[in-house]
Every structure is written in structure tokens, then in C-alpha cells.
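# Observations on chain architecture
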Amino acid sequence: MSNTVVIIPTRLEAKRFPNKPLKLIKKKEMILHVYDLAIKSGIGEVLVVTPDKVISELIVKNGGKSFISKNVHETGTDRVFEAFKNFYSSSPEIVINLQGDMPNLDPRDIVKLRDYLIKGKSDICTLASNLENQKEIKDKNIVKVLTKKSIENSDFSEAFDFKRELINEKSKYIYHHIGIYGFTKEALIRYVNLKRSKLEIDRNLEQMRAMEEKMKIYVGFAKSKPLSVDTEQDFLKIKKIMEK
């Protein structure tokens, strides 16, 4: 088994867009697109963790690996940890938590996260891209990350906040956060043993749990700007892009 694993948490009962993992893009389910790009990264074994038998069977039918989790988890990272602990016996040193709703992510961005973690400069890292316009800045469905330094020169910078809404924000470095995380084994174990924090609950952003406990998160730049499918409108947009 590889020292690095990519674990993809997914489920059918998303509040804003139910059944989205099974929505078809180019005649293939969205979760299969995500699984395939994770495989293309070549950084290690890929596992889809889900409480839904229909998703698990789809992955296995297409030659992949899946783990059936318990149904209720407070966050996707808690679901990832269940698979890390029970399927992998907590062995891998690096865990990439890849959301199951980013079918146009560039596989090289997964490699970028793994490579930065290998350097030992961070316990948790993630990615971001440019905000294109005022509409994106005001869109509460788009999570913004504020960094201490510019990340556009391909370096990583420490995050000092994550927000859905920017009010009188004067920071020079504000980016469109991308929902993929890399954890060292130790950071993942520490994270899931923390209680949910106030800002995590208030903002509905699980990374705030780490931030409030002074766990540093470093952010790298993704030129590809993958789209996260949170709503049906997001899905139609990404479907149009990928089916061109």
C-alpha cells in the first residue's frame, strides 16, 4: 500500500442538491469522473467512502475500491477518518481528502498537495484559485480564503481566515477556496478528536475547527480553477464546460 491515499467522501443526501454523485456528465456519473482524476494523479491508492450502497457498487463495478461508512457524520472529514481508521488501519502517512463534487479538477493539483506535505512544512494544506469578478466575491456559496502572502507564484502561504461573506475586507490576498485537503496522519487524527468549534458551526466551514485550535493551514494556487457542484445550477454549468 502507498504511503499516500486519496479518500473521496460522498453521499446521496446532499441538502442543496440530492443525488448529485450520480448525475451524468458525458454519459458518466460525476463520482466516476472524480475517481478517475484521482487515479490519474498517480500518488497512491484511491478509495471512495460512502454510506450509500448504490455508489459503492458503482465504484466497484468500474474497478475501483469503496468503503461503506456509517450513515451519519458531522463532516466529510469525519467520514474520511472512518475509512482511514477502519479500511487502512490508520497506516498511511499522508491523506488527501478529495470532495466528490469536483469532476474537472486537474490531477496535477492533487500531486501538488502531496508534494508540499512531503516537504514537512505543513500539517494541513489546501488549494485556491483567483476570484474572477464581483459576483463570485458576493456569492455565499463560494468560500473565500485569506492568505498572508500571494500564492500566485506557485508557492504556498499560510491561511489566516476562511469566509463565505466578505464585509469591509481589506486583505490584499483573497482567493476562491477549493475543497480539497491534504493531512499528515498526525494532523488528521488530531483534527477529528477536536470538538466542533463555534466558527465551524456558524460559518458551516469545517476548516475553522482547525483554525480555532491554532492548527496551521497552508494554501497553494491552482491554475485550473475547478468548479465545486453544490447546486443544480453549478452542475449545469460544469456539465456544459465538460461536454464541449
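Keep in mind it's a predicted model, so treat the numbers as computed, not measured.

### A few points about the pattern of salt bridges
Considering all chains together, one arrives at 16 salt bridges under this definition. Across the pair K185 and E93 runs a salt bridge whose closest N-O atoms are separated by 3.4 Å. Taken as a pair, K185 in helix 6 (residues 185-192) and E93 in the loop between helix 3 (76-86) and strand 6 (94-98) lie far apart in primary sequence, 92 residues in all. The class of K185 is buried, set by a relative accessible area of 18%. The network of salt bridges with shared partners includes D78, R196, E200 and R209.

### What to know about empty space enclosed by the protein
Applying the stated criterion to the full structure yields one cavity of 30 Å³ or more. Approximately 60 Å³ is the volume found for the largest cavity. If you trace the largest cavity, you find it lined by T77, I124, Y181, F183, Y191, E206, Q207, A210 and I217. Among the residues making up the lining of the largest cavity, the classes are represented as six nonpolar, two polar and one charged.

### Looking at the packing of aromatic side chains
The final tally for this structure, using the stated rule, is nine aromatic pairs. On the basis of an interplanar angle of 40° and a centroid distance of 6.2 Å, the ring pair of Y116 and Y218 is categorised as tilted. With Y116 in helix 4 (residues 107-118) and Y218 in strand 11 (residues 217-221), this residue pair connects regions lying 102 residues apart in the sequence. When sorted by exposure, Y116 lands in the same class as Y218, which is buried. A centroid spacing of 6.0 Å and a plane angle of 55° characterise the contact between F183 and Y191, whose relative ring orientation is tilted. When its relative accessible area of 3% is taken as the criterion, F183 is described as buried.

### Re the layout of surface pockets
Here the second largest pocket defines a volume of roughly 150 Å³. Surrounding the second largest pocket, K26, K28, H33, D36, L37, K40, P103, N104, L105, P107 and M242 form its lining. Of the residues forming the lining of the second largest pocket, the biggest block, four residues, is contributed by helix 1 (residues 30-41). Counted by class, the lining of the second largest pocket contains five nonpolar, two polar and four charged residues.

### Description of the packing of helix 3 against helix 6
Orientation of helix 3 relative to helix 6, taken along the N-to-C sense of each, is 120°, at an axis distance of 10 Å. Considered as vectors, helix 3 and helix 6 are oriented oblique to each other. With respect to the hand of their crossing, helix 3 and helix 6 are arranged in left-handed fashion. Residue-level contacts link T77, D78, F81 and F84 of helix 3 to K185, L188, I189, Y191 and V192 of helix 6. Among the residues making up the contact of helix 3 with helix 6, the classes are represented as six nonpolar, one polar and two charged.

### Notes on the nonpolar core
I7, V95, I124, V145, F162, F183 and L188 are the most contacted members of the largest nonpolar core, which totals 34 residues. Those residues in contact with F162 that sit more than four places away from it in its chain are T126, V143, K144, V145, H177, R203, L205, Q207, M208, M211 and I217. If you look at the next biggest cluster of nonpolar residues, it comprises 31 residues, including I8, L37, V46 and L127.

### Quick word on the pairing of strand 7 (residues 124-129)
Taking burial as the measure, the six residues of strand 7 include six buried ones, the bulk of the element. Neither face of strand 7 is left uncovered, since the one carrying I124, T126 and A128 and the one carrying C125, L127 and S129 both have all their residues buried. Pairing of strand 7 with strand 10 (residues 174-184), which is carried by six bridges, proceeds in the antiparallel orientation. Of the residues in strand 10, the one forming a bridge with I124 is F183. Judged from the five bridges that link them, strand 7 and strand 11 form a sheet pairing that is parallel. Across the sheet, residue I124 finds its bridge partner in strand 11, namely I217.

### A word on the environment of K172
Relative to the elements of secondary structure, K172 occurs in the loop between strand 9 (157-163) and strand 10. For the pair K172 and K185, spaced 13 residues apart in the sequence, the C-alpha separation amounts to 32 Å.

What counts, and where the lines are drawn
- Each chain has its residues counted from 1, running along the sequence as written.
- Restriction of local features to residues with pLDDT of at least 70 applies here, the model being predicted, together with a cutoff of 80 or more for giving and counting side-chain atom pairs; totals for whole chains, interfaces and linings are based on all residues.
- To get the side-chain values, take all heavy atoms of the structure and skip hydrogens and water.
- A pairing counts as a salt bridge when a side-chain nitrogen of Lys or Arg comes within 4 Å of a carboxyl oxygen of Asp or Glu.
- Secondary structure follows DSSP: runs of H or I at least 4 residues long count as helices, runs of E at least 2 residues long count as strands, and numbering of each begins at the N terminus.
- Note on classification: 1.4 Å probe, protein chains only; a residue is buried when its accessible area is under 20% of the maximum for its type, exposed when over 50%, partly exposed between these limits.
- Put simply, the grid is 1 Å and covers the protein atoms alone, a cavity is a trapped set of points that fit a 1.4 Å probe, a pocket is an open set with protein on both sides within 12 Å along at least five of seven lines, and lining residues have an atom within 4 Å of a point.
- Grid points are joined across faces, edges and corners, and a volume is the space filled by probe spheres set on the points.
- When residues are sorted by character, Ala, Val, Leu, Ile, Met, Phe, Trp, Tyr, Cys and Pro go into the nonpolar class, Asp, Glu, Lys and Arg into the charged class, and all the rest, Gly among them, into the polar class.
- Only rings of Phe, Tyr and Trp enter the pairing, Trp through its six-membered ring, and a pair is recorded when the two centres are within 6.5 Å. The plane angle decides the type: under 30 degrees is stacked, over 60 is edge-to-face, the rest tilted.
- Lines are fitted to the C-alpha atoms to define the axes, a helix being fitted only along its stretch in contact, and any angle between axes, read from their N-to-C directions, falls within 0 to 180 degrees.
- Angle categories: roughly parallel below 35 degrees, roughly antiparallel above 145, roughly perpendicular from 65 to 115, and oblique for all the rest.
- Each crossing is labelled by how the near helix is turned from the far one, with a counterclockwise turn of less than a right angle marking it left-handed and a clockwise turn marking it right-handed.
- The criterion used for residue contact is that any of the two residues' heavy atoms lie within 4.5 Å.
- Residues belong to a common nonpolar core when they are buried Ala, Val, Leu, Ile, Met, Phe, Trp, Tyr or Cys residues joined through side-chain atoms within 4.5 Å.
- Two strands are counted as paired when DSSP detects at least two bridges linking them.

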